[in-house]
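Per-entry structural report
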Amino acid sequence: MKKVIYTILTLVSLASLCGITSCSKDGYSEMSPSTGTGGSLARFTISGNYLYAVDQNALKTYRTNTDGSLNHVSTVVLGADIETIYPYKDKLFIGSREAMYIYKLNNPELPEFEQMASHVRACDPVVAKDNYAYVTVRSGNTCGGTVNALYIYQVDNLNYPQLLNTYSLHGPYGLGIKDNTLYVCDGAGGLRIFDVSNPSGATLTGTRAGYTFYDCIPYDYDNVLICMVDGGMVIYDISNPQDPVFQSQTF
Amino acid sequence: MKKKILSLCLLGMSIGLFSCNRGAPIQGTVWVPKYLSKSEARDIRSKPPQAVSSGGKIYAWQDFVFQLESNAGIHVYKLVDQKPQPYKFIQVYGAQELSIRGNYLYTNNFTDIVTLDISNMDQVLVKSRVENTFALGTSTLPPQQGFFQCVDTTKGIVVGWEKKNNIEATCKY
């Protein structure tokens, strides 16, 4: 009987160890309970056992070790003005001022180019879900260009992303997606809420004003939408994703 | 003398440090770099929570929410009933990015990437450092065009600029 209890205890402790170091085979960050969630403006992201960082012109891959050390294992030079990185399943979506790049992680130590979509010169964070990528482009002094819009691309089994739709916006920064709801941080234009059940026919269903919105993270813990706004952070309840309800702010 | 300054300027420009005009140095109110010594720049530590001054990127992990304080560190909040409670401030000069896996927080300390053990947020520990690996090409230029005091890298890392009177300045952009 004691043996059985010890076996169970060992199994339980092994399982909890997996929670810390993640034993996930597929290496998808969203499946690892111990990996955090970043926003769409991030230049660092973790997928599986790897930290991916985009600096000004390169994608760098670091193996994360259980003792905390990092091994720099590869550098892929991408081109000028890289700004953001977003992991989704076995891919990395990378935003630059000229294009959106998609790299696949068949070999997580050496991301491999898969496809890209050039676009007008602008700042452009990207998020992805299922077979679609959502990109915002913003014009202005540091970004260049004259277009402010949301672009929706189909990115499955194609040699290049197919542009399905565009929506004109005020001056969009980051974005976040939860189920069929897309949140776009449209600067002083507010938080835009889109229904993307049918991505090619995505519809704007609401706006939350009162702040200048830069980025947001739909976070399953506590059903919240965490938004970076001018001044600090604002939290919304998104138990109903289409209807964010203000909860609190940090400033 | 003018020729000497010009050739110095051309040297500076050729190695991309600064650009120059043809004139002699000026004496006056100019932008002066603020430095942190290399050891100060690496001083990473837990502190009591601070108010947000120049809020940067955001991150969520377990019941914690994080916001970068541009170039100064990381605000840590604990999410309680959908409300972020100020919890800690982790001083990391030069920080602009973060990502977390397990109990390890990865962030940039200027151009280095460091791993912080956050299992005890009262006392974060630097577990590793990869030096000179994250280059954002952040310019070492002052906020306004005009004359400025040239950067002297032997004094440390430039963390900001202030205007000072009666300074001799040769750099200009």
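All right, on to the packing of aromatic side chains then. Scanning the model with the defined rule gives 17 aromatic pairs over all chains in all. Taking 5.1 Å as the distance between ring centres and 75° as the angle between the ring planes, the aromatic pair formed by Phe44 of chain A and Phe134 of chain B counts as edge-to-face. Here the residue Phe44 of chain A occupies a position in strand β2 (residues 44–47), and Phe134 of chain B occupies one in the loop between β10 (125–130) and β11 (147–148), the pair thus bridging two chains. Comparing Phe44 of chain A with Phe134 of chain B, the two get one shared label, buried. Their ring planes at 90° and their centres at 5.5 Å tell us that Phe148 of chain B and Trp161 of chain B sit as a pair that is edge-to-face.

This part covers the pattern of salt bridges. Oppositely charged side chains can pair when the atoms bearing their charge come close. Residues and elements named next belong to chain A. Per the stated rule, a full pass over the model turns up 16 salt bridges over all chains. For Lys178, the salt bridge goes to Asp220, with nearest N and O atoms at 3.0 Å. Residue Lys178 is located in strand β14 (residues 175–178), and its partner Asp220 is located in the loop between β18 (213–219) and β19 (224–229); the two are separated by 42 residues in the primary sequence.

For the coordinates displayed, the defined rule picks out one cavity of 30 Å³ or more. Estimated volume of the largest cavity: approximately 60 Å³. The wall of the largest cavity is formed by Gly38, Gly39, Leu41, Ala42 and Asp215 of chain A together with Lys57, Ile58, Tyr59, Leu68, Glu97 and Leu98 of chain B. In terms of residue count, strand β3 (residues 55–61) of chain B provides more of the lining of the largest cavity than any other element does, three residues in total. For the lining of the largest cavity, the residue count by class is six nonpolar, two polar and three charged.

Once that is clear, we can look at the side chain of Thr45 of chain A. Within the secondary structure layout, Thr45 of chain A lies in strand β2. Ignoring any residue separated from it by four or fewer positions in sequence, one finds Thr45 of chain A in contact with Tyr50, Leu51, Tyr52, Ile85, Pro87 and Leu92 of chain A together with Ser99 of chain B.

Between chain B and chain A, the residue contacts involve 39 residues of the former and 52 residues of the latter. The largest per-residue losses of area from chain B upon contact with chain A belong to Ile58, Gln82 and Arg101 of chain B, which jointly make up 24% of the total buried on that side. There are zero salt bridges connecting chain B and chain A. Inspection of the chain B/chain A interface yields 23 residue pairs in polar contact (both at pLDDT 80 or more). Of all the secondary-structure elements, those providing two or more residues to the side of chain B that touches chain A are β3, β4 (64–69), β5 (73–80), β6 (83–91), β7 (98–101), β8 (104–109), β9 (112–117) and β10 of chain B. Residue contributions to the side of chain B that touches chain A peak at seven residues, all from β3 of chain B. In this sheet, β3 of chain B lies alongside strand β1 (residues 37–38) of chain A in antiparallel orientation, the contact comprising two bridges.

Let's shift gears to the state of the cysteines. Here the structure, examined in full by the defined rule, presents one disulfide over all chains. Residue Cys150 of chain B pairs covalently with Cys171 of chain B via a disulfide, S to S 2.0 Å. Judged by the sign of its S-S torsion, about 110°, the cystine formed by Cys150 of chain B and Cys171 of chain B is right-handed. Of this pair, Cys150 of chain B sits in the loop between β11 and β12 (157–169) while Cys171 of chain B sits in strand β13 (residues 171–172), and the two are 21 residues apart along the sequence. Assessed through its relative accessible area of 1%, Cys171 of chain B is described here as buried. Of all cysteine sulfurs, the one in Cys216 of chain A lies closest to Cys185 of chain A, which takes part in no disulfide; the gap is 3.5 Å. Taking the relative accessible area as the measure of exposure, Cys185 of chain A reaches 0% and is therefore buried. No disulfide involves Cys227 of chain A; its sulfur sits 4.5 Å from the nearest other cysteine sulfur, which is in Cys216 of chain A. By relative accessible area, Cys227 of chain A is classed as buried at 0%.

Where the parts come together, the accessible area they lose is often given as the size of the interface. Residues and elements named next belong to chain B. Looking at the assigned domains, one finds that chain B contains domain 1 (2–37 + 136–172) and domain 2 (41–129). Each partner contributes residues to the interface: domain 1 has five residues there, and domain 2 has four residues. Together, the buried faces of domain 1 and domain 2 total about 400 Å²; carbon and sulfur atoms form 73% of this surface. Summed over the three residues of domain 1 that lose the most area to domain 2, namely Leu36, Leu136 and Ile157, the buried surface amounts to 72% of that side. At the junction of domain 1 with domain 2, the criterion picks out zero salt bridges. Our count for the contact surface shared by domain 1 and domain 2 stands at one residue pair in polar contact (both at pLDDT 80 or more). Considered class by class, the residues forming the side of domain 1 that touches domain 2 number four nonpolar, one polar and no charged.

Basis of the calculations
- Residues numbered from 1 in each chain as written.
- Chains lettered and ligands numbered in written order.
- Predicted model: local features only at pLDDT ≥ 70, side-chain atom pairs only at ≥ 80, totals over all residues.
- Heavy atoms only, no water.
- Phe/Tyr/Trp six-rings, centres within 6.5 Å; stacked < 30°, edge-to-face > 60°.
- Helix = DSSP H or I, 4+ residues; strand = E, 2+ residues; numbered from the N terminus.
- Buried < 20%, exposed > 50% of the residue type's maximum accessible area, 1.4 Å probe, protein only.
- Salt bridge = Lys/Arg side-chain N within 4 Å of Asp/Glu carboxyl O.
- 1 Å grid on protein atoms, 1.4 Å probe; cavity = no way out; pocket = protein on both sides within 12 Å on 5 of 7 lines; lining within 4 Å.
- Points joined across faces, edges and corners; volume = space filled by probe spheres on them.
- Nonpolar A, V, L, I, M, F, W, Y, C, P; charged D, E, K, R; others polar.
- Contact = heavy atoms within 4.5 Å.
- Buried area = accessible area lost by both parts, 1.4 Å probe.
- Polar contact = N/O pair within 3.5 Å; in protein donor to acceptor, adjacent residues only side chain to side chain.
- Pairing = 2+ DSSP bridges.
- Disulfide = S-S within 2.5 Å.
- Domains from an automatic or database assignment.

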